[in-house]
Structures are given as C-alpha cells and as structure tokens.
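Fold and contact review
Listed below are the residues making up each chain.
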Amino acid sequence: MQKLLLLGDEAIALGAIDAGLSGMYGYPGTPSTEIMEYIQSSEEAESLSIHREWSANEKTALEAALGMSYTGKRAMVAMKHVGLNVAADPFINSAVTGINGGLIVVSADDPSMHSSQNEQDSRFYGKFAYVPVFEPADQQEAYNMVSDAFELSEKYRLPVMMRITTRLAHSRAAVVRKQKEPQKPFRLPSDPRQFVLLPAIARRKYSALLTAYESLKFENRLSRYNIFRDGRNRKLGVIACGIAYNYLMENFPDGGPDFPVLKISAYPFPNDLISDLTGRCEEVLILEEGYPLLEELIRGILDCHLKVSGRMDGAIPRAGELDPSVVAKGVGLTPEAGLKVPDIVKSRPPSFCKGCGHADTFNAVIEALKPFNGTGVFSDIGCYTLGALPPYNIINSCVDMGASVTMAVGAADGGLHPSVAVIGDSTFTHSGMTGLLDAVLKNSPVTVIISDNSTTGMTGGQKSHATGRLASICEGLGVEPEHIRQIEPLRKNHEENVRILIEEFGYRGVSVVISARECIQTATRRKKAEASENNSK
Amino acid sequence: MKSDIVLSGVGGQGILSIASIIGLAAIENGLYLKQSEVHGMSQRGGDVQSHLRLSDKPVISDLIPHGKADLIISVEPMESLRYLPWLASDGWLVTNSTPYINIPDYPPVEEILDQIRKIRNHKIIDADLIAKNVGSARSGNMVILGAASPFIEIPFSSLENAVKSFFGRKGQEIVNLNIKALQAGRDQKA
Ligand SMILES: Cc1ncc(C[n+]2csc(CCOP(=O)(O)OP(=O)(O)O)c2C)c(N)n1
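Read on for a plain summary of the structure. (Residues numbered from 1 in each chain as written. Chains lettered and ligands numbered in written order. Predicted model: local features only at pLDDT ≥ 70, side-chain atom pairs only at ≥ 80, totals over all residues. Heavy atoms only, no water.)

Observations concerning the nonpolar core
Residue and element names in this part refer to chain A. Of all hydrophobic cores here, the largest spans 103 residues; its most connected members are I239 and L248. Here this core gets 8 residues from one element, more than from any other, and that element is helix α8 (residues 139–156). Split by domain, this core shows at least three residues from each of two domains, domain 1 (3–182 + 195–218) and domain 2 (227–330). Apart from residues no more than four positions distant in its own chain, I239 is found in contact with L262, I264, I274, L277, V284, L285, I286, L287, L294 and I298. With 48 residues, the next largest nonpolar core counts V365, L386, A408 and I423 among its residues. (Core = buried A, V, L, I, M, F, W, Y, C linked by side-chain atoms within 4.5 Å. Buried < 20%, exposed > 50% of the residue type's maximum accessible area, 1.4 Å probe, protein only. Helix = DSSP H or I, 4+ residues; strand = E, 2+ residues; numbered from the N terminus. Domains from an automatic or database assignment. Contact = heavy atoms within 4.5 Å.)

Considerations on the sheet that holds strand β3 (residues 74–80) of chain A
Residues and elements named next belong to chain A. Read across the sheet, 6 strands follow the order β2-β3-β4-β6-β5-β11 without closing on themselves; strand pairing throughout is mixed. On the outer flanks of this sheet lie β2 (21–26) and β11 (266–267), each paired with one strand and no other. Across 5 bridges, the pairing between β2 and β3 is parallel. Residue pairing for β3: G23 is matched across the bridge by A75. (Pairing = 2+ DSSP bridges.)

Here's the deal with the side chain of E504(A)
Within the element layout of this structure, E504(A) appears in helix α19 (residues 494–506). Its relative accessible area of 2% is what places E504(A) among the buried residues.

Structural notes on helix α10 (residues 199–221) of chain A
Between its terminal C-alpha atoms α10(A) stretches 33 Å, which fits the 33 Å expected from 23 residues at 1.5 Å a residue. At its buried positions, α10(A) is contacted by α6 (88–97), α7 (123–129), α8, β11 and α12 (271–280) of chain A. (Expected span 1.5 Å × (residues − 1).)

Regarding the site of the ligand
Residue and element names in this part refer to chain A. With respect to spatial proximity, 26 residues lie near the ligand, and among them E58, H358, T427, N453 and G457 are the closest. A distance of 3.0 Å separates an oxygen atom of the ligand from a polar backbone atom of S426. Note that an oxygen atom of the ligand is positioned 2.5 Å from one of the side-chain N or O atoms of T427. For the shell around the ligand, the secondary structure elements donating two or more residues are α5 (81–86) and α17 (425–441). Ranked by residue count, the leading element in the shell around the ligand is α17, at 4 residues. Among the residues making up the shell around the ligand, the classes are represented as 9 nonpolar, 14 polar and 3 charged. Per-domain counts for the shell around the ligand show at least three residues from each of domain 1 (3–182 + 195–218) and domain 3 (357–522). (Near = heavy atom within 4 Å. Polar contact = N/O pair within 3.5 Å; in protein donor to acceptor, adjacent residues only side chain to side chain. Nonpolar A, V, L, I, M, F, W, Y, C, P; charged D, E, K, R; others polar.)

Considering the packing of aromatic side chains
Summed over all chains, the structure comprises 14 aromatic pairs over all chains. Here the aromatic rings of Y267(A) and F269(A) are separated by 5.0 Å at their centres, their planes lie at 70°, and the arrangement is edge-to-face. Of the two residues examined, Y267(A) and F269(A), each falls in the buried class. Between W92(B) and F151(B) the ring centres are 4.1 Å apart and the planes differ by 15°, which places this aromatic pair in the stacked class. Note that W92(B) is positioned in strand β5 (residues 87–96) and F151(B) in the loop between α5 (140–148) and α6 (156–167), a separation of 59 residues in sequence. With relative accessibility at 22%, the residue F151(B) sits in the partly exposed group. By way of ring pairs, the aromatic residues Y130(A), Y206(A) and Y213(A) are connected into one cluster. (Phe/Tyr/Trp six-rings, centres within 6.5 Å; stacked < 30°, edge-to-face > 60°.)

Taken by themselves, the reported measurements are silent on function.
Below is the structure:
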C-alpha cells in the first residue's frame, strides 16, 4: 500500500478523503490550518468534488458541517482550540440534536502557547458536550482514526471530536493509506424534528444523549485505541493519554517499561480499564498533554487511598507541553541534562516583515494620537498584534477575535476618548462586524481602523472574506459614508494619513478608517505565480 | 543506526528545505523518520527549530530528548547555541558564521563564535560567502547541509539525489547550483 510522509494535520485530511468525506469546513488557526489546506490542494478532493472553502469563522464552519451532515453525507470541521470557544454553541447543541451523516470536529490544542492566547484543553469540551473524543498518538493513528470516528459518529448518531496538539499536527511521519470509501448518498433525516431543539424535543434528545454517553464508556473499554500493557513491577502504574504515550515509550527503547501502562486515546474514559490498572499498582502516574482532566477525576474531592501523581502534585509541571525529558523525570528516571544555553543568547521575537503595511499604519496611528495624549489602542489577533512590541508599543489589548471593536465601545461608554480599535480584515469579518453594529446603534464615539492586507496573514495567507467588501459592509451596517475613510499605508502618504486619522479621532460618532495595502508575502507569491504563468505561455 | 538532528535558524531562512531534503534521502535508504516543524507565529522573523529523527527502527517520540541530539545544524550562529540543551556530549554542532541581525540587542558576533568554539565537536563555516563563491548566493542552506553531511549516516549520493528531486520542478539550472553548493559545503573541513 502507498506510504506517504505526512504531517499529523495532513494525515487527518487524507484520512477524511479516504473515508468518503463530502464537505470540509473551517477557519484558519495554528496548528489546525494544514488540514483544510491539504484538502484544498488535493487533486483527488477536486475530482471527488469535495466542498472545501474556508468559512467566515469557526461557528459558521461548524454549522455548515452540521448542515452537510443533515443531508446524510460525511462532514469534517477543523479549528484551533480557541476556535472551539467561538463554535461552542453549535458544538454543544449538535450533541443534543445528534447527526445524520458522520460529523467530525477537529480541535487542535496548542499547549505551551507557541502561537496562541491560552493552552485550553479541548477534551473538556468533549466531556462538557457528552461527545466522544479521539486523541491520536501518532500520524498513522490519526489517519486510521478518521474512518473509525465517522463510523462511531454514525453508530451513535453523535458528532465525534478529534483532539490533537501542536506536536502531532506539525510533525511528519510515514503514513500507510487504506482502502478508499465512496461518499455517502443524499439521504435526509428520517425524523424531520431531529434538529428542532424546542424544549419538549430537546429534553427527550438530551436524555438519549446521556444514555449514549454511558454506552460509550463501555464501547471504549474495547476500543483498539485504549491499550493496556501489563508489567511485572506493580509499584507504579502509568496512564498516558494520546501523544504522552510516545514520550513515555521513548524512555524505554529496549522492550518498554516493566510497569503496567494504560494508553488512553478514546474518551469518555473506560472506567473498568482504569480501575484494572489502579487496582494492581501502589501508585499511579498520569500523563496528559494539556490540563489534568483524568488526574482530577481520579483524585476526586475526598482523599483516595491510592497515591496519584501527575501535574497536580508537581511530578509533571503544572503548565506547558510534555516532552520525553519531562516524562522521564516523572517516572523517576534521570534524563540527560545537555549543555546550558549561554547567557549571551538573546530572545528573538517575531517581527513585521520588511515593508509590511501594518507597520506604516501603526506609525501613522502613533503620530495621530499625540495631539490627544492617547495612551494606545485596542487591538486584536493577527500579524498586526506585533504592534504591541517595540518600537511601536501602541497596542493595549489582544484578547479574542473581534474584541478590539467591542472593548473600544465599552471603554468609550466609560469615558475614554479617543477610543480606537485596530483590527485586521479577516478578524473583522470573523467577529468584528457584529460589534461595529453595536457601535452604530448607540452612535458610540469610536474609531475602528481596519488594517487591511487582503489576506489572513498570520496563518499563512489564506483568502480573506473581507477582500473588496470592507467599505460596503461598513456602510451596510450603518456607518455614515463620510466617516468611512480609505488610506494607503505608505511612507509617502504618512502626513496625509495622520491628518485623516486626527479628523476621525476628533469625531464624536462611529468612524471607520480602512488602511489598505496588500500583504507583502502574498504579493510576492502572487507575482511569482504570475511570472511563471507568463513564462509558460 | 539513529541520527537525531536539531535544525535551527530564523523564520524565512529555509531550515524546512534542509529537513525535507534529509527526509527524502532517508526514505531512499529505507529509514524511519519523524520531523517536527514550526508553523505560525515564529515564522515571522522569530527563532525557529525543527527536530528531525532518522532511524533503522521505528521512531517513537516526535521530539528529541534533552542531551540526545547527534547533530545541530544551524543557518545562524546565535540560534545554534539556543539548542545546546539537546546536544549529546559527543554530538556535532555545524553552523553558519554569518549572523542574521533583526533585534536591537544582538550580541557581538565574536562572542558568539567564542561560545561555539567551546563545544567539543564544532564546525563553523561562512555559508553565505561559500554560496556566493559558487555563484548561488541563495543556496547558503545547501552549503550548511553539505558541511553537516559527514555527520549524518546517509550516503552523500542520496543527499544529492534528494536535492535533485527537491529542486527538480525549478529546472536543471537551479538543481545544478544547489548541487554545487552542497558539494562546496561537503568540502569544508572542521
Ligand atoms: C477564534 C480564533 N480563530 C482563529 C485564530 C487564529 N488566528 C490568529 S490571527 C489570524 C488571522 C487574522 O487575519 P487578519 O485579521 O486578516 O490579520 P493579518 O494576520 O492578516 O494581519 C487567525 C486566523 C484565533 N487566534 N482565534
């Protein structure tokens, strides 16, 4: 069978294509982005006519996937962990409605926050929604799990979550392809009321969900992804979830450890398997990438006689991602220390690309705020967040997508003037538009600067829903046309841009300044592509 | 056989091309491999690293444990020092000597090179200059790969094949330049 070198993300994408996927949905976010990108560039997906367009945000993506499932076909939606906060409403309610065609929700966590605002653990959402969760340990398992997840989804008529973390998402290994399945036929739900969550229906469906969740615990006892590996040394037993299992086994290259190990990759936790392990050991160590979800459950509130260690007693650091060395310490080995990093090594934070339009926008904003003694601006998430670093130091907030606009509205209510938001174009259509409508309806004295580089830059330059539509969106939301200003952030326009910004900062109503210049990364790629097209003509 | 390699540099310097080429060569030799990459935030001019693990047995962890890397390959001198905790006591450090200065407090280059010279097995080369001399200024990363190649247990001819297939799409001229850069790096003595 064909063997391919794939990122964990790509293994999931290929697994979905091979499992008869009909629609892929999502919004970009590290480390999940490459799932959609793989399917978008796949010739097979093209010939199979798999739907594979980015959505405006994670909520619209999950809802569209649920709609695809409504037609009896298989759908997948992928997002980064904080994206699931945005999609939490449809996620939790889709567990109550249940599905028709198989539905997989991939949530990619980022422990250690390599590219994120927090390190929340998506497994909690699985538990919260009573949805089964698969957590692959390696790329091959990720590939295999997709078709099993679709089957489980259709068997229990529930969405299934696949939870991955940065290291698996962005690590390559060989993956062997399996048989391909055809797409599912168009078949509407047999019960036309299935998706109508009126209280009377919802109560019935919720009670069915609770029953299903109990059955899933039993199902997972037999799951081939939960593996019990016995050992002679009963002093210690280890429970390792997902990729933590690899970090453990890495430390025992010659035949594995002599103590019992339970690998968990399918949730809800199979209680029997866990008590099988805890029953035969004096002490149990729990290895989880993320929060101590299982550890908290096992410890409970009352003291249990079993000695439990993990993240909560310091055997493993409370925060941050695992690695083989951390795990080695946890099981009582002495890992190699390596050499120390010399003190002269300085940190090298990311920075604006040379010639980036965001930098010119911030230079103008900094100067335009001077006459107002302004202390900075609210901002948002994207490349432009680098305006928080020297030499700009101009950003006072970066909380969640869209929050710049609404925080500016609230701060204006509280007496701040000028109250200014700087938001990227893709972030604006993700979650900024609704906040702008709030501002318009109360004629809030805010200035929203949309730093428009015509792409979703931070995540690698995906198409932006905003491109070419920003002015008409703002006008449609009710911003007065004379207070929708367009500037081009170039050094030669600096004086003019500062003047326009000062005018709008002084205005006591809603104003929008669209500061538009194409991202230099996407511009370079576009020019290269055009040149090679011309050459081949 | 096992070869655990940390690749380091600054976002945009092309460490992932080095990783891909070693990966292709490893596959030609029937080796197992895992390669963790950096995507996202730090690609914008920040520090980037990649762990590349080759073995004749299945590779378990995606990350190399501390003190176990056989080789650090760095396209930037200060970045080579950032990953010393991973280097094995008998491991090699191969680095470019040309700094990439995009921070205000970048230390004096001589002090960095002094620190590198304290490592038992090190090889410092001016990859940018060597690349320019062979007429391929943008192939500094292939020069570094060539310089590191004696410490990777893969036949040099496999690396050459990998360079050919990696750059194949870009035409014969680009392939030849990169092969020359690879060879020029290979010829550098420690
Ligand atoms: C809810 C949520 N979804 C996705 C992300 C990932 N993310 C961070 S920045 C960004 C892109 C923002 O694009 P844009 O606003 O156009 O700014 P640019 O990076 O192009 O400057 C994305 C998708 C996130 N942090 N939170």
